[in-house]
Amino acid sequence: MNMLAEPLLPSVNVEEKLFQDRYRVDVGRPHIKLRDAAVCTACAAKPCTVCCPAGCWRAVEGGGIDLVVDGCLECGTCRLVCDEANVDWNYPRGGFGILFKFG
Amino acid sequence: MEKFDVIVVGAGPAGNAAAYTLARGGLSVLQLERGESPGTKNVQGAILYADALEKIIPDFRDSAPLERHVAEQRMWLLDENQTCTGVSHRDARFSQQPYNRYTIIRARFDRWFSEQVKRAGALVICETTVTGLLKDDAGKVIGVRTERAEGDILADCVILADGANALLGERAGLRPAIKAEDMALVVKEVLFLPKETLEARFNISGTQGVVIEIAGNVTHGMVGTGFLYTNKDSIAIGIGCMLGDMKRQQLTPYQLLEGLKRHAAVQPLIDGAEMKEYSAHLIPEGGYRALPQLYGEGWLVVGDSAGFVNAVHREGSNLAMTSGRIAAETLIALRQAGKPFSAANLAGYRQGLDESFVMADLKKYQGVPELLHENPHILDLYPRFVGDAAREILTVDGAPKRDKQKKILGELARRRSLLGLLGDAYKFWRAFR
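Here's what I pulled together on the structure shown here. (Residues numbered from 1 in each chain as written. Chains lettered and ligands numbered in written order. Predicted model: local features only at pLDDT ≥ 70, side-chain atom pairs only at ≥ 80, totals over all residues. Heavy atoms only, no water.)

1. Let's talk about the nonpolar core
Across soluble globular proteins, you tend to see nonpolar side chains buried next to one another.
And step 1. Counting 76 residues, the largest nonpolar core has Leu22(B), Phe60(B), Phe113(B), Ile159(B), Phe308(B), Leu331(B) and Tyr349(B) as its most contacted members.
And step 2. The element that contributes the greatest number of residues to this core is helix 9 (residues 317-336) of chain B, accounting for 9 residues.
And step 3. Residues Cys51(A), Phe100(A), Ile235(B) and Leu269(B) belong to the second largest nonpolar core, which totals 66 residues. (Core = buried A, V, L, I, M, F, W, Y, C linked by side-chain atoms within 4.5 Å. Buried < 20%, exposed > 50% of the residue type's maximum accessible area, 1.4 Å probe, protein only. Helix = DSSP H or I, 4+ residues; strand = E, 2+ residues; numbered from the N terminus.)

The structure is reproduced here in structure tokens:
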């Protein structure tokens, strides 16, 4: 991996991108959950925080994870990159979640 | 409880091709889609391959929402020095009807395809997530479970067209878990521009369109590619990398996309465009060796859910539609012969795939995922070398050409030993022959 190139890439506010997308949020019924928050706290790598294309996974002070799925694009990446199998991943209820205008 | 001949899970290209063909063949079909309408959960570049759809709906061009026909293909190698080295292929015959490839906007196209499915006689129900498969005591799949109240529905066969995540098959124990190493994550934006501006920038008119496939160091050493496609009045731009690589580094997918958008060869093409959607999707790129079991007692799997993607040629939707059609034709033939949808009989699906381009192409490139996984320098060292060599040759600075040639070859030898070069060439030949 070319780590030296990293500073060349701009930091990006993904929320601004997600603002263009259409959602029907299933309030109070997140479709992705942590199985065990302590497992995330113990995880040093936290690939979810890098790979999630919607920035849903944020590392917080104290080593834990803050997961907010409202902006989720339903790609499934977090489930696959978690070496701890700590992601309880389901599709949202029918009609809820991301609603692509163009796709 | 209601019972159908076939339940199709998902309304993407594979599911729609299957449901349409089945309904036309006289079978009772229920198609379940979790989106608000077909297409609202689906993401693709997107290029439509006419041949695959023509074999299902011969006159699709009369009514399908098509953006542009592909008149020109460019293949670019980009690197972080803002170089762009590539080839273009524009062929006037690509602009003669019937056109071979089109750009499409999937949300619109999928909605159209679903209308054809309904017209053919299938029952299509949206806003319904299938949460599991129903099995009898012997393990035969006999229907699906949905999240709705009293949501169990029976069928003689279930076609899994549930897309790249393939959760249903995994949870029902029909396939092993998907691995990050076999999947690419792609992020994409749709950027709108006035039609005239777009046509001037890409040197196109009428319904002509340009497709740009991009490789090189825009993926920062990860195995992956980018793309830029022209729609009528918008540009689809995206970049994708293998998840196995992405999880081992610190660049976010949206940073990679921003890097591509700001590249000196790309930025002028999209300058001033208005971004109206940002999306992401997984692509199964494990190829032939990552294929799961494709059929069993009372079930078949098609499209992305089966892993039918030709990553080398950036083809997927045509494999999806073709697999959906062959699955449907298999079921229709069995029904006409009065035979049950047992695993032994559904082996005809695999046979049909084996006789088509789907398996032929997957087999041809079966060594490529492993080649790139084990030799990531191939997508980094060589594109960079090509760019540097071109710059050296094209810079006129009084140095004799022989010296320039020596310098270029010396540079190559510095970056890769002769043995390494020969080894790469051999591995490349083996994987692509």
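Read on, since the account is not over.
2. Let's talk about the interface of chain B and chain A
And step 1. The interface is formed by 61 residues belonging to chain B together with 47 residues belonging to chain A.
And step 2. Carbon and sulfur atoms make up 57% of the area that chain B and chain A hide from each other, which totals about 4,700 Å².
And step 3. Counting across the interface, chain B meets chain A through 8 salt bridges.
And step 4. Residues Glu74(A) and Arg34(B) are paired through a salt bridge, measuring 2.7 Å at the closest nitrogen-oxygen approach.
And step 5. Looking at side-chain class alone, the side of chain B that touches chain A contains 22 nonpolar, 18 polar and 21 charged residues. (Contact = heavy atoms within 4.5 Å. Buried area = accessible area lost by both parts, 1.4 Å probe. Salt bridge = Lys/Arg side-chain N within 4 Å of Asp/Glu carboxyl O. Nonpolar A, V, L, I, M, F, W, Y, C, P; charged D, E, K, R; others polar.)

3. Re the packing of helix 1 (residues 13-24) of chain B against helix 3 (residues 106-119) of chain B
In a packed pair of helices, the relevant descriptors are the angle between the two axes and the axis-to-axis distance.
All names here are of chain B.
And step 1. For the pair helix 1 and helix 3, interaxial distance at closest approach is 9 Å and the crossing angle is 15°. Regarding the angle of helix 1 to helix 3, the classification is roughly parallel. Where helix 1 crosses over helix 3, the two elements pack in a sense that is left-handed. Between helix 1 and helix 3, the residues in contact are Pro13, Asn16, Ala17, Ala19 and Tyr20 and Arg106, Asp110, Phe113, Ser114, Gln116 and Val117, respectively.
And step 2. Residue composition of the contact of helix 1 with helix 3, grouped by class: 6 nonpolar, 3 polar and 2 charged. (Axes fitted to C-alpha atoms, helices over the stretch in contact; angles between N-to-C directions. Parallel < 35°, antiparallel > 145°, perpendicular 65-115°, else oblique. Left-handed = near helix turned anticlockwise from the far one by under 90°.)

4. Here's the deal with the pattern of salt bridges
And step 1. Applying the stated criterion to the full structure yields 43 salt bridges over all chains.
And step 2. Salt-bridge contacts for Glu170(B) lead to Arg79(A); the nearest nitrogen and oxygen are separated by 3.0 Å. Placement of the pair is Glu170(B) in helix 4 (residues 167-171) and Arg79(A) in helix 4 (residues 77-81), with the two residues belonging to separate chains.
And step 3. In this structure Glu170(B) comes out as partly exposed when scored by relative accessible area, which is 21%.
And step 4. Residue classification places Arg79(A) among the buried residues on the basis of a relative accessible area of 16%.

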